[in-house]
Amino acid sequence: MLSRTAADLFWLSRYLERAENTARMLDVAHSMAMMPAGRSAEQELAAPLRVTGTLGAFREQHARLTGTALYQYLAWDATHPASIYSCLRVARENAHAVRGRITTEMWETLNATWLELNRMRTGRHPALKVFCDWVKERSHLWRGATVGTLARGDAFHFLRLGTFLERADNSARMLEVKQLDAAEESSTLRDYYH
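The structure displayed is predicted, hence computed values, not measured ones.

### As for the overall build of the protein chain
And step 1. Each helix and strand counted, the protein chain has eight helices and zero strands in total.
And step 2. Along the chain direction, N to C, the helices and strands of the protein chain fall in the order α-α-α-α-α-α-α-α.
And step 3. In terms of principal-axis extent, the alpha carbons of the protein chain reach across some 65 × 35 × 25 Å.
And step 4. For the protein chain, the proportion of its 194 residues judged to be buried stands at 44%.
And step 5. At a minimum sequence separation of 6, the contacts of the protein chain that also span at least 24 residues come to 65%.
And step 6. For the protein chain, the accessible area works out to roughly 10,500 Å², and carbon and sulfur atoms hold 55% of it.
And step 7. If the 25 positive side-chain charges of the protein chain are averaged to one point and the 22 negative ones to another, these points end up 4 Å apart.

This is the structure:
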């Protein structure tokens, strides 16, 4: 397998996994902001931006951190490379480049996702929860088509490698943010009691 093909397969699956991870974080942050427990709504909304390392970039473009602004930024902003829209665009571009190495079902699943995403983007955006559930569903359809139809060769292994590496990277980022939050909370409590 050519290294370019391997790279396209690897990044295709990473970007699809990243889109799903972002949808999950966006959904949870929105829910937590509606009922913050010990933290402000803004702190809850900032969590996915902190995990993705884009809080500073967000603040450069937006005066306030609101649920609507966060949704627009993480889901639909074509100029933001980690938005769900951008991730799915690059994933489709990579799939197109390796069209001969993936199955028809895989291509059709991803292409249908891209076409529907563009219809949503040019029309009225769906509610955040509906959109996040849709992204997760489309990711699961892709994964099912991959596992169910692709031979267990190099292409399959590079796709799986990209998926699992992105999943591990996202988990490590979330743990880092939680660790920083816990350290900050511990410091605050220590200062309070001393």
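### Brief notes about the pattern of salt bridges
And step 1. Scanning the model with the defined rule gives 17 salt bridges in all.
And step 2. The residue lysine 136 makes a salt bridge to aspartate 27 at a minimum N-O spacing of 3.4 Å. Highlighted residues: lysine 136 in helix 7 (residues 128-149) and aspartate 27 in helix 1 (residues 3-34), separated in sequence by 109 residues. Aspartate 27 carries the same exposure label as lysine 136, and that label is buried.
And step 3. Residues aspartate 169 and arginine 173 are paired through a salt bridge, measuring 3.1 Å at the closest nitrogen-oxygen approach. In this pair, aspartate 169 and arginine 173 both sit in helix 8 (residues 154-193), four residues apart, roughly one turn of the helix.

### What about the side chain of asparagine 21?
And step 1. You can see asparagine 21 is positioned in helix 1.
And step 2. Excluding anything up to four places from it in sequence, asparagine 21 contacts Glu166, Arg167 and Asn170.

### Comments concerning the nonpolar core
And step 1. If you look at the biggest cluster of nonpolar residues, it comprises 46 residues, and the most contacted ones within it are Leu12, Leu26, Ile84, Leu117 and Phe131.
And step 2. Considering every element that reaches this core, the biggest residue donor is helix 1, with eight residues.

### Things to note about the packing of aromatic side chains
And step 1. A full pass over the atoms with the stated rule returns eight aromatic pairs.
And step 2. Aromatic pair phenylalanine 58 and tyrosine 73: ring centres 5.2 Å apart, planes at 80°, arrangement edge-to-face. A residue pair is termed long-range when its members are at least 10 positions apart, and phenylalanine 58 in helix 3 (residues 55-61) and tyrosine 73 in helix 4 (residues 67-76) qualify at 15 residues.
And step 3. Exposure remark for phenylalanine 58: the relative accessible area of 0% places this residue in the buried category.
And step 4. Each residue in the set Tyr71, Trp76, Phe131 and Trp134 is aromatic and connected to the rest through ring pairs, giving one cluster.
And step 5. A cation over an aromatic ring shows up here: arginine 121 above the ring of tyrosine 85, its NZ or CZ 4.2 Å from the ring centre.
And step 6. In this arrangement the basic side chain of arginine 152 is found over the ring face of phenylalanine 156, its NZ or CZ atom lying 4.2 Å from the centre.

### Section: the packing of helix 6 (residues 104-122) against helix 7
And step 1. Axis separation between helix 6 and helix 7 bottoms out at 8 Å; the angle between their running directions is 165°. The orientation of helix 6 with respect to helix 7, classified from their angle, is roughly antiparallel. Crossing handedness for the pair helix 6 and helix 7: left-handed. Here Glu105, Met106, Thr109, Leu110, Ala112, Thr113, Glu116, Leu117 and Met120 of helix 6 lie close against helix 7, whose contacting residues are Phe131, Trp134, Arg138, Leu141, Trp142, Ala145, Thr146 and Thr149.
And step 2. Split into classes, the residues belonging to the contact of helix 6 with helix 7 amount to 10 nonpolar, four polar and three charged.

### Looking at the environment of phenylalanine 10
And step 1. Relative to the helices and strands, phenylalanine 10 is located in helix 1.
And step 2. In this structure, the C-alpha to C-alpha distance between phenylalanine 10 and phenylalanine 156, residues 146 residues apart in sequence, is 9.5 Å.
And step 3. Sequence-distant contacts of phenylalanine 10, defined by excluding residues within four places in its chain, comprise Phe158, Leu161, Gly162 and Leu165.

Conventions adopted
Counting from 1, residues in each chain are numbered in the order their sequence is written. Given that this is a predicted model, residues contribute local features only at a pLDDT of at least 70 and side-chain atom pairs are listed and counted only at 80 or more, while totals for whole chains, interfaces and linings are drawn from all residues. For the side-chain quantities, the full set of heavy atoms in the structure was used; hydrogens and water were omitted. Working definition: helices are DSSP H or I runs of at least four residues, strands are E runs of at least two. Numbering for both runs from the N terminus. Residue exposure (1.4 Å probe, protein chains only): buried if accessible area is under 20% of the type maximum, exposed if over 50%, otherwise partly exposed. Note on contacts: a residue pair qualifies if any of its non-hydrogen atoms lie within 4.5 Å across the two residues. Under the convention used here, a 1.4 Å probe and the Shrake-Rupley method define accessible areas, while residue burial counts only the protein chains that appear. Note that His is not counted, nor are the chain ends; the positive residues are Lys and Arg, and the negative ones are Asp and Glu. Working definition for charges: the position is that of NZ of Lys, CZ of Arg, CG of Asp or CD of Glu. Salt bridge, as used here, is a side-chain nitrogen of Lys or Arg placed within 4 Å of a carboxyl oxygen of Asp or Glu. What we call a nonpolar core is a set of buried Ala, Val, Leu, Ile, Met, Phe, Trp, Tyr and Cys residues that are connected through their side-chain atoms within 4.5 Å. Each aromatic pair joins two rings of Phe, Tyr and Trp (for Trp, the six-membered one) with centres within 6.5 Å, and gets the label stacked for planes under 30 degrees apart, edge-to-face for over 60, and tilted for any other angle. The rule for a charge over a ring is simple: NZ of Lys or CZ of Arg within 6 Å of the ring centre, and within 35 degrees of the ring normal. Axis angles are defined between N-to-C directions and span 0 to 180 degrees, where every axis is a line fitted to C-alpha atoms and, for a helix, only to the segment in contact. Throughout, the term roughly parallel applies to angles under 35 degrees, roughly antiparallel to angles over 145, roughly perpendicular to angles from 65 to 115, and oblique to all others. If you view the pair so one helix is near and one far, a crossing is left-handed when the near helix is turned anticlockwise from the far one by less than a right angle, and right-handed when it is turned clockwise. Here the nonpolar group is Ala, Val, Leu, Ile, Met, Phe, Trp, Tyr, Cys and Pro; Asp, Glu, Lys and Arg are the charged ones; every other residue, Gly included, is treated as polar.

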